[in-house]
Amino acid sequence: MLSNIGNTLLFLNILLGISIIYLSLQNLKNSKILISKKIYHICLFQSTFILICFFTLVSAFIISDFSIINVYENSHSLKPFFYKFSGTWGNHEGSLLLWVIILTIFSFLFLLYNKHHPKNYRIYSLIIQNVLILGFLFFLFFNSNPFSKVLPIPKEGLGLNPILQDPALAIHPPLLYIGFVGSSIYFSAAIASLLTNYSGKLFAQSIKNWVLISWSFQTLGILAGSVWAYYELGWGGFWFWDPVENASLLPWFAMSALLHSLIVLEKRNLLYFWVIVLCLLTFILSVTGTFLVRSGILNSVHTFANDPSRGVYILVFLSLMIFASVLLFFNKFKNTSYNLNSNSKETFILINNWFMIFYLITVLLGTVYPIFTEVLTDHKVSVGPPFYNTVIIPIVILFLLFMSVGPQIQWIKNKFYNLNLFFKILIGSIFINFSIVYLFKGYSLLSNFIIISAVFLVISSLVDLYKSYKKIKENYSRILSHLSFGFLILFIGLNYNFSIEKDFNLKLGEKKNFENYSVEFKDLRLEDFKNYKAVIGEFKIYNSEKNLNQFLYPEIRIYENPSTITYEASIRSGILKDYYITMSNIDRSDYYNIKFQKKPFMIWIWISVIFISLGGFLRLYQNAKKDY
Amino acid sequence: MRIKITIFFIIVNFNIVSAADSSVELNKVLKNLRCLICQGQSVADSNSEFAQTIKLVVQDQIADGKSEKEIYDFLVEKYGEWIVYKPPLNKVNSVLWLFPYLVFVIGGLLIFLLLKKRNNH
Amino acid sequence: MQKKIIKSTIILFIIFIIGVFFIGLNKNSIYDTKNLVGQKIANVQLEHFSENRIITEVDLKKNNFTLINFWSSWCSPCRKEHPMLLKLNKEKNLQLLGVNFKDKKINALKFLRDLGDPYNVLARDELGKHSINFGIYGIPESILINKDLVIIKKFIGPISQDDYRYIKNIVRK
């Protein structure tokens, strides 16, 4: 039943997409200034139908309709309600439906909110966006149909992988998709802009809020994924440079670059073609990321169930997108003369883009390099954290310094009256770093530079904040994001240098001493829960210096549907530090492998990222207030 | 004068710093090794049979005074380059290591040229 | 003109990347060490299972070919391959070196009593450390080497009927 409704709605959406393209092409021919009401209506239908289609799938998950293969494979009747719901997008097919929803709704909203822009530009954006929608609808309908039936109807589902049953991971895909699928709209707009020669400030104004939305959500989505990895994977880290994580970071770099250069286009009418390149690149990278993640071409912790036919489809679609963009771009490209002064805000924004592109290329290259060596030399290599850390971190120092100075430079031409100030700030930063080293613990030369430059950015942003407060200029959003970014790097640096990680084996009753700490294995018990059994350990952490006791209870969980063993970390989060313990059994022995970690400032890392993204939302709010 | 103060600060600062130890850190080495039988996990993060064995061997090699590089080389010889997360710089991996810097230099050059062009006008 | 060159370079580059992705899709992404053949085995220092002595390279040169087999009583695929090892034991040109991996002595002896003992020489690797020197990452795994201690082939997982035939062909040549 639900399966038929879903399929009908999907099919209807394909028809609607085709009719929108047809009507839009008709509409281009007539000379009326307004877009015909019919198109608005069909777009509204399109968005409504795809939402109903999604709710059909959600209901199938909630009532556990196992006649649908997707529900059967990814749900279980005993699963908690919340995870039945979020399980809808916890699999390839369901998440692809979420893709299409965001493509469709953004298409409608973009049409709705750009009424003062020329008709042809809007119509072309709509056409291109609908071509994208159709491309993904075909993929969804014919290759990855979430409503496929299974016969005979199974009595019970296979269940959702327990490590995916986590609140952070439940909200992770929607956030991330609003981010990088949302970037489709400025891909379409960029193509429309090239086709209709609608360039310059007005074009920048038409897409700037969309870039802000996608960037802010992308930031939050990456955060949710990272929080999940910290709590659920049990390794105590929050970023592993895994291909799947990199896939979400690549569009973020492109968006961040775009976010900045768009300001130059809006204020100074410069860099139009560069902005176009970034618009196109962001969505192309999003689709590339999806290809890398979904096709199984890479070896990762988080791969979806793989199927090469998906890979082929996305790859063909991706190539068409790339070739169309490149050909059109070169067809329209004109060499324009740039009027830039080396000491101006424009230049500093270009410098931001320069760094962003460097990060982007490095991460992209590192992610796909194993594919190249395997295909070309039949030789497998791993590119992991040490590669990225070695290449990226030294450059981050330089980046932070530019980031501190850049915002305080004026448009067009700046007089360097504030050199003195930066000098004082630099000395202050060095002094703070020196105090940390002196009072607590020394660290590597590189870490010193990182912390100095992060503190430099923080102080500069605070000075910036003070100045803006006096002048009542509305750039709090930028200051907020920059300040939080400075704090983010600072906390990551401190977290990295002040973490304690210990890996040891203990028997029940034994105790391990190191530095000022002792970890005692006090108790082990077996408990039955609704959908799993758990072996729960009790550990006493004692800090002799502070005379502090903490109890932690890591678990080994044995799930039956599907049958999996997971290792649940026990985490005591505090304002200054987290204590983190995981426990795993060692085969054929009474010993348990214990990983103890002290992670300083974890909460502050999360908070910094939230504030980075809040900066984006604040700007969005300010823009909206200005417009109405 | 101000420059002198800064330089003084920097020197004092880094002298304390460079006292950091030079011995090979077990955990750091383990984090740079891939657990071959796991999905995208490092040896440090895994508790599989294979990871446990590697941990013992690396521990022994550090105790024998082997350098980090010697340990990686030994394991690469036995298991192939797949086992290390930091690909060694050789002919095959040269593009990986050099291309990012090339992009960085070219990017900087482009911005420089753009600004210079304007100054000549 | 300049624009055309840049355009064609970029397009060719993209075609190259997409081509690589396309071929990459059809490659098996599971890693194994089967390609690591042709290396010479060195620094062999294995503890003998029952005698108080160390097995070294000298022991590996006693026959034209040696099959080094890593096994344990707790590993169930090892039981599956055992009949193949018993058959290989009859080959004249081949000696079998068993390495008992992370096992209890009593269990290992019981295993051999129940299923038969195919090994010419039996070593013991209680902590599994020596297996790393042979590039082992899971058991059962076997390595076929010749008199010069050069690895001819690696068998990852249990030895199959095909593997048996392959080994037979090589040692009889």
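Residues numbered from 1 in each chain as written. Chains lettered and ligands numbered in written order. Predicted model: local features only at pLDDT ≥ 70, side-chain atom pairs only at ≥ 80, totals over all residues.

Q: In this structure, what is going on with the overall build of chain B? I would like to understand it.
A: The helix and strand tally for chain B stands at five helices and zero strands. Element order for chain B, N to C, with α for helix and β for strand: α-α-α-α-α. Buried residues in chain B amount to 34% of all 121 residues. Within chain B, counting contacts between residues at least 6 apart in sequence, those at least 24 apart form 38% of the total. (Helix = DSSP H or I, 4+ residues; strand = E, 2+ residues; numbered from the N terminus. Buried ≥ 20, exposed ≤ 12 C-beta atoms within 10 Å, placed from the backbone. Contact = placed C-beta atoms within 7 Å.)

Q: Any chance you could explain the sheet that holds strand E1 (residues 46-48) of chain C here in plain terms?
A: In sheet architecture, strand pairing relies on hydrogen bonds along the backbone and comes in two forms, parallel and antiparallel. Residues and elements named next belong to chain C. Taken together, the seven strands give an open sheet; going across it, the order is E2-E1-E5-E4-E3-E6-E7, and neighbouring strands pair in mixed fashion. Edge positions in the sheet fall to strand E2 (54-55) and strand E7 (151-156), since each of these pairs with one other strand and no more. Relative to strand E5 (residues 121-125), strand E4 (residues 94-101) runs parallel, the two sharing five bridges. Pairing of Gly98 across the sheet is with Leu122, part of E5. (Pairing = 2+ DSSP bridges.)

Q: Is there a simple way to think about helix H14 (residues 385-405) of chain A in this case?
A: Helical geometry note: an α-helix holds 3.6 residues per turn, so side chains three or four residues apart project in the same direction. Taking 1.5 Å as the rise per residue, H14 of chain A with 21 residues should run 30 Å; its terminal C-alpha atoms sit 29 Å apart, in good agreement. Among the residues of H14 of chain A, those classed as buried are Phe387, Tyr388, Val391, Val396, Phe399, Leu400, Met403 and Ser404 of chain A. (Expected span 1.5 Å × (residues − 1).)

Q: How do you make sense of unusual backbone geometry when you look at a structure like this?
A: Backbone geometry follows two general trends: most residues other than glycine have a negative phi, and most peptide bonds adopt the trans configuration. Following Leu151 of chain A, the chain continues to Pro152 of chain A via a peptide bond in cis, the omega torsion being -5°. Its place among the elements puts Pro152 of chain A in the loop between helix H6 (119-143) and helix H7 (167-180). At the junction of Ile139 of chain C and Pro140 of chain C, the peptide bond is cis and its omega measures out at -5° in the coordinates. Non-glycine residue Lys102 of chain C carries a positive phi angle of around 45°. Mapped onto the fold, Lys102 of chain C is located in the loop between E4 and helix H4 (105-115).

Q: Looking at this structure, I do not really get the nonpolar core. What am I missing?
A: One recurring pattern in soluble globular proteins is that nonpolar side chains are buried together. Residues and elements named next belong to chain A. The biggest cluster of nonpolar side chains holds 227 residues, and the ones touching the most others in it are Val100, Val211, Ala254 and Leu258. Top element by residues in this core is helix H9 (residues 200-232). It accounts for 17 residues. Formed by 16 residues, the second largest nonpolar core is a distinct cluster that contains Phe539, Ile556, Ile571 and Met583. (Core = buried A, V, L, I, M, F, W, Y, C linked by C-beta atoms within 7 Å.)

Q: Mind showing me how you'd approach the confidence of the model for chain B here?
A: As a note on interpretation, predicted positions should not be read in detail where pLDDT is low. Residue and element names in this part refer to chain B. For chain B, per-residue confidence averages 82 on the pLDDT scale, and residues scoring 70 or more make up 78% of the total. Averaged pLDDT values for the elements of chain B fall to 58 in helix H1 (residues 2-17) and rise to 92 in helix H4 (residues 68-79). ipTM for the predicted complex: 0.88, alongside a pTM of 0.92. (pLDDT = per-residue confidence, 0-100.)

Q: For this particular structure, what's the right way to read the interface of chain B and chain C?
A: Think of interface size as the accessible area that goes away when the parts come together; that is how it is often given. Between chain B and chain C, the contact holds 12 residues from the first and 11 residues from the second. Secondary structure elements with two or more residues in the side of chain B that touches chain C: helix H3 (49-63) and H4 of chain B. The element that contributes the greatest number of residues to the side of chain B that touches chain C is H3 of chain B, accounting for six residues.

Q: Mind showing me how you'd approach the packing of helix H1 (residues 2-29) of chain A against helix H2 (residues 37-62) of chain A here?
A: Two quantities define a packed helix pair, namely the angle between the axes and the distance from one axis to the other. Residues and elements named next belong to chain A. The N-to-C vectors of H1 and H2 enclose an angle of 160°; their axes lie 9 Å apart at closest approach. The angle between the axes of H1 and H2 places the two elements in the roughly antiparallel class. Like other packed secondary-structure pairs, H1 and H2 cross with a definite hand, here left-handed. In terms of residue class, the contact of H1 with H2 is built from 18 nonpolar, nine polar and one charged. (Axes fitted to C-alpha atoms, helices over the stretch in contact; angles between N-to-C directions. Parallel < 35°, antiparallel > 145°, perpendicular 65-115°, else oblique. Left-handed = near helix turned anticlockwise from the far one by under 90°. Nonpolar A, V, L, I, M, F, W, Y, C, P; charged D, E, K, R; others polar.)

Q: Which parts of the structure should I look at to understand the sheet that holds strand E8 (residues 570-573) of chain A?
A: All names here are of chain A. As summarised here, the arrangement of the four strands in space is E1-E10-E9-E8, forming an open sheet in which the pairing is antiparallel. Either end of the sheet is taken by a strand with one partner, and the two such strands are strand E1 (500-506) and E8. On average, each strand axis in the sheet is inclined to that of its neighbour by 10°, with strand direction left out of account. Summarising the sheet, E8 and strand E9 (residues 577-585) pair through four bridges and their orientation is antiparallel. Each residue of the ladder has a partner; that of Arg572, found in E9, is Tyr579.

Q: What am I meant to see in the domain arrangement of chain B here?
A: Segmenting chain B into domains produces domain 1 (24-88) and domain 2 (90-121). Between domain 1 of chain B and domain 2 of chain B, the C-alpha centre-to-centre distance is 35 Å. (Domains from an automatic or database assignment.)

Q: Teacher, can you tell me more about the domain arrangement of chain A here?
A: All names here are of chain A. Per the domain assignment, the segments making up chain A are domain 1 (1-159), domain 2 (392-498) and domain 3 (500-603). Each of domain 2 and domain 3 has a C-alpha centre, and these two points are 37 Å apart. At the junction of the two partners, domain 2 supplies four residues and domain 3 supplies four residues. Of the residues that constitute the side of domain 2 that touches domain 3, the class distribution is three nonpolar, one polar and no charged.

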